[in-house]
Amino acid sequence: MPHDTLPQPAVARRSAGLSGSIRIPGDKSISHRSLLFGGLAAGETRITGLLEGEDVLNTGRAMQALGAAIRKDGDQWIVSGTGNGALLAPEGPLDFGNAGTGSRLTMGLAGSYDFETTIIGDASLSKRPMGRILDPLRRMGTQVRAADGDRLPVILHGPRAASPLTYRVPMASAQVKSAVLLAGLNAPGMTTVIEPVVTRDHTERMLVGFGAALSVETDTAGMRIIRLQGQGKLTGQAIDVPGDPSSAAFPMVAALIVPGSDITISNTLMNPTRTGLILTLQEMGADIEILGPRVTGGEDVADLRVRSSALRGVTVPAERAPSMIDEYPVLAVAAAFAEGTTIMQGLEELRVKESDRLSAVAEGLKLNGADCIEGKDTLTVRGRPDGKGLGNAKGHEVRTHLDHRIAMSFLIMGLASEHAVSVDDSTMIATSFPEFFAMMARLGATIEAKD
Ligand code: S3P
């Protein structure tokens, strides 16, 4: 597990134009859900393109502990599920490592069962707020024991029969929406989730694919109302996981800021709840060509050709945040190379990610000579298109706080900065993008482990 290993500092240096073609590994959100829903559904689920990052593997182990059988056969993962309503009591604590999605969705899935489930995680996950999941579970009848401030470790014991709930999600969070829906799968009657701001919709799409009686209605104000009939039958599916746009973001920004670059990223998920970064970069003047748009397994997918571009600062409105919530750290790096000022608004949720990403990004940018201002829920970055003065000539390392995306973002910054950029740890990159180093090297990027 990465959090048990020693930190591995890494350094990125100014690189010549990147070139070549890569296929980004599977989407993390869809990979988690493939194992969770496959582990619950009756019969066999066959998954290709699963992201084999630590976070997803932890979800697989948890589903095995809850009664699913999971094996790998060639490049396919084969999951034999328990059937809806038939999860087994786990014998020991479920350890999710660094993974917010795995832990929170599993709390929803198992928390409505009349047995005890203990959820633990690493130092980063143990600092993150779980009350947002525990509150609706309490209302469904689950008994909850948790560390101070509703943090991990969390021990859940569901009631004999969970009460279906009507729940308005109080923050923009696909994890909260999903956890309530998953708890609703085991409750008699209708669970209704009201979502004032649209967040990634993989849970809704995939549950319908597995046979759940789920409907989505959007009212005139843009509010989404999701209704799920509990205790229905779920049946195993074949799932082809598209490439993760949140991972594609790193080579994409790298190609934009390193002069002379021209790369192609194939098979990227283009679900409109996930494409906010592409839209923002295009507004900044990025040359991103969307090639061969198609539908794979019910999701929009395309190949992206990205060429280095002269970027301009823009204002990124708050309402776009849910569609690019994991991409702000690397957008901030792109902004550091843009002409003018970029203002990012509505970032309150960044404070409760794998780290407080708003302050981690601001601190890292300042350490590497970029001009930025951290607000309560905003980030303002003034760019240096030629990278002059950026990086840290003394080799001082960005503090990553066990956050994979902070580590990758600053390594990308180093590829176009005058001086090298170092990070204090790169082991966490394996949680979401184990192929990061090999893929970036293949494109011609100079990123190395530091002694
Ligand atoms: C995710 C939802 C988002 C995102 C996370 C994955 C998901 O979290 O940041 O990486 O798969 O549902 P929030 O629900 O906390 O916004």
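Note on numbering: residues in each chain are counted from 1, in written sequence order. With the structure being a predicted model, the display of local features is reserved for residues of pLDDT at least 70 and the display and counting of side-chain atom pairs for 80 or more, all residues being used for whole-chain, interface and lining totals. Side-chain measures here rest on the full set of heavy atoms in the structure, leaving out hydrogens and waters.

## Details of the sheet that holds strand E21 (residues 379–382)
- Pairing between strands is defined by DSSP: at least two bridges between the two strands are required. Helix and strand definitions here come from DSSP, where helices need a minimum of 4 consecutive H or I residues and strands a minimum of 2 consecutive E residues; each element is numbered from the N-terminal end. Strand order in the open sheet made by the 4 strands is E18-E19-E21-E20, with mixed pairing throughout. The open sheet has two edge strands with one neighbour each: strand E18 (315–316) and strand E20 (371–374).
- Summarising the sheet, E18 and strand E19 (residues 341–344) pair through 2 bridges and their orientation is parallel. Looking at E19, one finds that Thr315 is bridged to Ile343.
- Throughout, a residue-residue contact means that at least one pair of heavy atoms, one from each residue, lies within 4.5 Å. To get an axis, fit a line to the C-alpha atoms, keeping to the stretch in contact for a helix; angles then go from 0 to 180 degrees between the N-to-C directions. Packing against the sheet, helix H9 (residues 328–335) makes contact with E18, E19 and E21, and its axis sits at approximately 165° to E19.

## Observations regarding the packing of helix H1 (residues 28–40) against helix H3 (residues 100–111)
- In contact at an axis separation of 10 Å, H1 and H3 are set at 25° when each is read in the N-to-C sense. Relative to H3, the element H1 lies roughly parallel. Between H1 and H3 lies a crossing of right-handed hand. Residues His32, Arg33, Leu36 and Leu40 of H1 pack against Thr101, Gly102, Leu105, Thr106 and Leu109 of H3.
- Here the contact of H1 with H3 is composed, by residue class, of 4 nonpolar, 4 polar and 1 charged. For classification purposes, angles smaller than 35 degrees are called roughly parallel, those larger than 145 roughly antiparallel, those between 65 and 115 roughly perpendicular, and all remaining angles oblique. Crossing handedness: left-handed means the near helix sits turned counterclockwise from the far one by under a right angle, and right-handed means the same turn made clockwise. Any residue outside Ala, Val, Leu, Ile, Met, Phe, Trp, Tyr, Cys, Pro, Asp, Glu, Lys and Arg is labelled polar, Gly included; the first ten of those are nonpolar and the last four are charged.

## Topic: unusual backbone geometry
- Along the chain, Leu152 connects to Pro153 via a cis peptide bond; the corresponding omega equals -5°.
- In this structure, Pro153 sits in strand E9 (residues 151–157).
- Unlike most non-glycine residues, His401 shows phi in positive territory, near 50°.
- Inspection of the secondary structure puts His401 in the loop between strand E22 (397–398) and helix H11 (404–414).
- Here His401 falls in the partly exposed class, since its relative accessible area comes to 36%. Any residue under 20% of the maximum accessible area for its type is buried, any over 50% is exposed, and the rest in between are partly exposed; the area is computed with a 1.4 Å probe on protein chains only.

## Focus on the packing of aromatic side chains
- Stacked, tilted and edge-to-face are the three classes applied to pairs of Phe, Tyr and Trp rings, where Trp contributes its six-membered ring and a pair requires centres within 6.5 Å; stacked means planes under 30 degrees apart, edge-to-face means over 60, and tilted covers the rest. The full count for this structure, using the stated rule, is 5 aromatic pairs.
- Between Phe436 and Phe437 the ring centres are 5.5 Å apart and the planes differ by 80°, which places this aromatic pair in the edge-to-face class.
- Given the relative accessible area of 0%, Phe436 is considered buried.

## Observations regarding the domain arrangement of the protein
- Per the annotation, domain bounds derive from an automatic or database assignment of domains. Split into domains, the protein comes out as domain 1 (10–26 + 242–449) and domain 2 (28–240).
- Listed as interface residues are 27 residues of domain 1 and, on the opposing side, 27 residues of domain 2.
- By definition, the buried area sums, over both parts, the 1.4 Å-probe accessible area that each loses when the two are put together. In total, about 2200 Å² of surface goes out of reach between domain 1 and domain 2, with carbon and sulfur atoms giving 50% of it.
- Its largest share of buried area at the contact with domain 2, domain 1 owes to Pro322, Glu354 and Thr431, together 22% of the area lost on that side.
- A side-chain nitrogen of Lys or Arg and a carboxyl oxygen of Asp or Glu constitute a salt bridge if their distance falls within 4 Å. Note that Asp326 is salt-bridged to Arg200, the shortest N-O span being 3.6 Å.
- Under this definition, polar contacts are N or O atom pairs within 3.5 Å; protein pairs additionally need one hydrogen-donor-capable and one acceptor-capable atom, and for neighbouring residues in sequence, both atoms have to be side-chain atoms. Between the two partners, domain 1 and domain 2, sit 14 residue pairs in polar contact (both at pLDDT 80 or more).
- Across the side of domain 1 that touches domain 2, the residue classes tally to 11 nonpolar, 8 polar and 8 charged.

## A look at H9
- Counting buried residues in H9 gives 8 out of 8 residues, a clear majority hidden from the surface.
- Listing the buried residues of H9 in full gives Tyr328, Pro329, Val330, Leu331, Ala332, Val333, Ala334 and Ala335.

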